[in-house]
Each structure stands twice: as C-alpha cells, then as structure tokens.
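# Analysis of the macromolecular model
Listed below are the residues making up each chain.
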Amino acid sequence: MIDKAFLKDLIANPDEISKLEYHSILQIIHQAVNILKEEPLLLELNVKEIEREVYVIGDIHGNLRCLQKLVEIIEQTNPRFVIFLGDIVDRGPYQLECLIMVLALKIRYPDKYYILKGNHETLEMNQYYGFYSVFMSKFYGQMKFDEILSLYLALPFCALVNNSILCLHGGIPEDIEFMRKLKGLKPKDIALTFKSIAKILMQIMWNDPKSGLKGFSESFRGPGIKFFGEDVFDDFMKDYNLNYLIRSHEVFPEGYRWFFNKRLLSIFSSDNYRATNPASYAIIKKDLVEAKIVD
Ligand SMILES: [Mn+2]
C-alpha cells in the first residue's frame, strides 16, 4: 500500500514526480490498476446530494499547469465526482507528471476521481506522439512500458452520470447498442468479447460530431473512424433517454463548443494546444451542464 501522506505530497507538488524512481512509479501504476480492474467499463455515477457538482475534464496532453489549476479549483469546490475524459499524455511538456498525478488522485480518492480512456492511452499513439520516448529515455526497457499498457487496458470507456448525462472521449459509435453491450463488462472482459466490441471501443475514442451532417461519414482521422450528425445523435439520445453528451478530443479556439442544439458539449482542458486556446471543463449540477473556462 502506498502511504497516504506520500500521495498527498505528490498531488500538492507534482514537480516531485520527475524525481521518482521507477519502483515508485510502478507501485502507483499497480495500485491504480488494482482499483480500476474492479470497476466497470461503463461507469454509472449517481449524485445523491443533488446540490453537489460533477466536474468533467477534457484532454490534458501533458499540460501540468492546467491540471494543477483544475485540481486547485476542485479542492476548493469539492465536487462529488471528477471525470477525466482521457488523453492525459502525448505532446505536452509534463506527460509522466500528469499521468502519475491523475493516478495519485484516483488512488487517494477512488470514489471521487474517474479516468476514461482516450485515443492517446494506446501504444500506437504514444509511439508516434511522444509519451513512449519520454518514458523510455527516462526508464528504458519495453517491459517497463508494458506496465503502462496494462494500465491502459484497465481504463473505462464511458461514464453515465445521473442516468442522463453521458461522458466519453470521442463520440458515439455507429452501433448505438453500445451502452447495452458494454453494461456490466469489466476490463478483463475486453479480451473475451473483443471481436464483437472492438469497433465500438475504437469509435468511442475517435469519433467526432459534425454540424449539418446526416448519419455517419468517413473521418479524416483514419479508416473506420466516423463523423456523426445530429439525426443519429438524436436517435441515440432518445433511445437511452439522455439529456447531454460531454466529450473532448477536439480543440476549439474559443475553448469549448456546443453542438446539436446545446445537447453535446465538447471541452478541452489543455490551453494553447498547437495554437491559441483557453482550457475548458464542464460542471454538471442538478442534471444541467455548464461549460467553464480555466482563467
Ligand atoms: Mn483525443
């Protein structure tokens, strides 16, 4: 077991993470995996005290300053749940620090913090966009990076808040049965059911909404990845009786963007990402969703 005071110290001073030896990093990964592997791939989070908020945080991509600001806000406002939508690593200057910080939060407050899987929580993306070389130049050894991959295999894909608000990284997949198919599955079930749900899982992490589109269309992002339009979004929301969908995966110069008659909110929590943009996050309160900019 990792000492609570040690976790508290790491959360307060994430710069210290850079100085950790591999065995400490491994301990944190293992303890996080032990918690994550027992949780379902489709999280169902219900706020009992209706006044309390839920924070939803988008792509971080190694932006430790934004992550620290968000954690400061969270410590002041004490929401019931905090949901990260994935893409913690790749591209930014403090990728390992951000990943370990988020895991430290999960271990310290397992019933408060939840981390969903983004398309960058994969080997292929890490090899191309930076985290693999960041990690390997520090610790060396494929076996050590395999521990990171085992963490990725334990991450959930969606979170349903108060039975009415769905949170995920990219978008809805073509198979809108996906929530019924994922319900009750745990990380260990992915390998067993992989053939039947592989496309669903990939599209949850990769798809994007597109205004003015009907149905699904091919995406520039790659083979099998889709844009989805308002009509299929409506069908999906009606089918599951949902009010909002909150996702990340795309950066907008204004910080966040509403789609589809203000029922889909796209947030992004890393500022000045490849161009000029403020960081944003979402607050759920009493089944309403509000977008916020990190000042
Ligand atoms: Mn993404």
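First, a word on what this report is: a plain description of the structure on this page. All of these numbers come straight from a predicted model, not from anything done at the bench.

Quick notes on the rules
- Residues numbered from 1 in each chain as written.
- Predicted model: local features only at pLDDT ≥ 70, side-chain atom pairs only at ≥ 80, totals over all residues.
- Heavy atoms only, no water.
- Pairing = 2+ DSSP bridges.
- Helix = DSSP H or I, 4+ residues; strand = E, 2+ residues; numbered from the N terminus.
- Contact = heavy atoms within 4.5 Å.
- Buried < 20%, exposed > 50% of the residue type's maximum accessible area, 1.4 Å probe, protein only.
- Right-handed = clockwise from strand over helix to strand, strands pointing away.
- Core = buried A, V, L, I, M, F, W, Y, C linked by side-chain atoms within 4.5 Å.
- Phe/Tyr/Trp six-rings, centres within 6.5 Å; stacked < 30°, edge-to-face > 60°.
- Lys NZ or Arg CZ within 6 Å of the ring centre and 35° of its normal.
- Axes fitted to C-alpha atoms, helices over the stretch in contact; angles between N-to-C directions.
- Parallel < 35°, antiparallel > 145°, perpendicular 65-115°, else oblique.
- Left-handed = near helix turned anticlockwise from the far one by under 90°.
- Nonpolar A, V, L, I, M, F, W, Y, C, P; charged D, E, K, R; others polar.

### Quick look at the sheet that holds strand S8 (residues 216-218)
The mixed open sheet is built from three strands, whose spatial order is S7-S9-S8. With one partner strand each, in any of the chains shown, strand S7 (208-209) and S8 form the two edges of the open sheet. Summarising the sheet, S8 and strand S9 (residues 226-228) pair through three bridges and their orientation is antiparallel. If you follow Phe 216 over to S9, its bridge partner there is Phe 228.

### Side note on the environment of Val 161
Checked against the element boundaries, Val 161 lands in strand S5 (residues 158-161). The contacts of Val 161, once residues within four sequence positions are left out, are Leu 45, Val 54, Ile 83, Cys 167 and Ile 284.

### Let's talk about the pairing of strand S3 (residues 81-84)
On S3, burial covers both faces: Phe 81 and Ile 83 on one face and Val 82 and Phe 84 on the other are all buried. When strand S2 (residues 54-57) meets S3, the two strands line up parallel, connected through four bridges. If you follow Val 54 over to S3, its bridge partner there is Phe 81. Handedness of the β-α-β unit built from S2, helix H3 (residues 64-77) and S3 comes out right-handed. As paired elements, S3 and strand S4 (residues 113-115) share three bridges and run parallel to each other. Each bridged residue has a counterpart across the sheet, and for Phe 84 the counterpart in S4 is Ile 115. A crossover connection joins S3 to the parallel S4 through helix H4 (residues 95-108); in handedness this β-α-β unit is right-handed.

### Concerning the nonpolar core
Leu 67, Phe 84, Leu 103, Phe 131, Phe 135 and Leu 151 are the most contacted members of the largest nonpolar core, which has 56 residues in total. With ten residues, H4 is the largest single contributor of residues to this core. Once you skip the residues sitting within four places of it in the chain, Leu 151 turns out to touch Ile 29, Ala 32, Val 33, Leu 36, Leu 99 and Leu 103. Grouped together as the second largest cluster of nonpolar side chains are 33 residues, Phe 157, Ile 172, Leu 242 and Phe 252 included.

### As for the packing of aromatic side chains
Applying the stated criterion across every chain yields a total of 21 aromatic pairs. Residues Phe 84 and Tyr 113 carry aromatic rings whose centres are separated by 6.4 Å and whose planes lie at 20° to one another, so their mutual orientation is stacked. With Phe 84 in strand S3 and Tyr 113 in strand S4, this residue pair connects regions lying 29 residues apart in the sequence. Exposure class is identical for Phe 84 and Tyr 113. Each is buried. Between Phe 252 and Phe 259, the ring centres sit 6.0 Å apart and the planes meet at 55°, which makes this aromatic pair tilted. Residue class for Phe 259 comes out buried when judged on its relative accessible area of 6%. Taken together, Tyr 22, Phe 131, Tyr 132, Phe 135, Phe 139 and Phe 145 form an aromatic cluster joined through their ring pairs. The ring of Tyr 114 carries Lys 106 above its face, with NZ or CZ at 3.9 Å from the centroid.

### Notes on the packing of helix H6 (residues 131-139) against helix H7 (residues 142-152)
Contact pair H6 / H7: the axes reach a minimum separation of 9 Å and the direction vectors enclose 135°. Relative to H7, the element H6 is oriented oblique. Between H6 and H7 the crossing geometry is right-handed. Listed contacts from H7 to Phe 131, Tyr 132, Phe 135, Met 136 and Phe 139 of H6 are Gln 142, Lys 144, Phe 145, Ile 148 and Tyr 152. Taken together, the residues that form the contact of H6 with H7 break down as eight nonpolar, one polar and one charged.

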